[in-house]
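# Coordinate inspection notes
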Amino acid sequence: MKMLVLMLAMGDCYYFESAAGLFSIRPTTNQPVRYALRLGDELLGSYHSPRSAADDVYVQSTGSIKWDGLRGVDMPTDLSEWERRTP
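The following paragraphs examine the structure supplied in this document. Each chain carries its own residue numbering, running from 1 in the direction its sequence is written. The predicted origin of the model limits local features to residues at a pLDDT of at least 70 and limits the giving and counting of side-chain atom pairs to 80 or more, whereas totals for whole chains, interfaces and linings rest on all residues. In computing side-chain properties, one takes all heavy atoms of the structure into account and sets aside hydrogens as well as water.

Turning our attention to the overall build of the protein chain. What counts as a helix is a DSSP run of H or I of at least four residues, what counts as a strand is a run of E of at least two, and both are numbered from the N terminus. Each helix and strand counted, the protein chain has three helices and five strands in total. Scanning the protein chain from its N terminus toward the C terminus, one meets helices and strands in the order α-β-β-β-β-α-α-β. Taken across its 87 residues, the protein chain has 40% of its residues classed as buried. Categorising residues by exposure relies on relative accessible area from a 1.4 Å probe, with only protein chains included: less than 20% of the type maximum marks a residue as buried, more than 50% marks it as exposed, and the intermediate range marks it as partly exposed.

Quick look at the structure:
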């Protein structure tokens, strides 16, 4: 089990530079099979998949006042448009 958690924690990370700042979706290290959505250093939520986190960014339902209230901004429509990095 520890090996599985370690492998997930080393999974891909996703980034999107927005008008409100840098969003990131990264595997969590303290919860197996969860992904943290952050705007800068602010933790916005924990998700079961990177796609779910990216969907909340797209529909502007992240809980971030800086992002959710912006109108007319460019944003990725799905996770495939985020920058993907392997740590």
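Here the narrative resumes.
A separate point is the packing of aromatic side chains. Here a ring pair, both rings aromatic, is described through the centre-centre distance and the interplanar angle of the planes. We call Phe, Tyr and Trp rings a pair once their centres come within 6.5 Å, taking the six-membered ring for Trp, and we label the pair stacked below 30 degrees between planes, edge-to-face above 60, and tilted otherwise. Counted by the stated rule, this structure contains five aromatic pairs. Centre to centre, the rings of Phe16 and Trp82 are 5.6 Å apart; their planes meet at 55°, and the pair counts as tilted. Of this pair, Phe16 sits in strand E1 (residues 13–18) while Trp82 sits in the loop between helix H3 (65–68) and strand E5 (83–85), and the two are 66 residues apart along the sequence. The exposure class assigned to Phe16 is buried, which follows from its relative accessible area of 11%. The buried category is assigned to Trp82, whose relative accessible area is 5%. Grouping aromatic residues by their ring pairs yields a cluster made of Phe16, Phe23, Trp67 and Trp82. Over the face of the ring belonging to Tyr15 we find Arg85, whose NZ or CZ atom lies 4.0 Å from the ring centre. Ring-over charges, as used throughout, are those where CZ of Arg or NZ of Lys falls within 6 Å of the ring centre and within 35 degrees of the ring normal.

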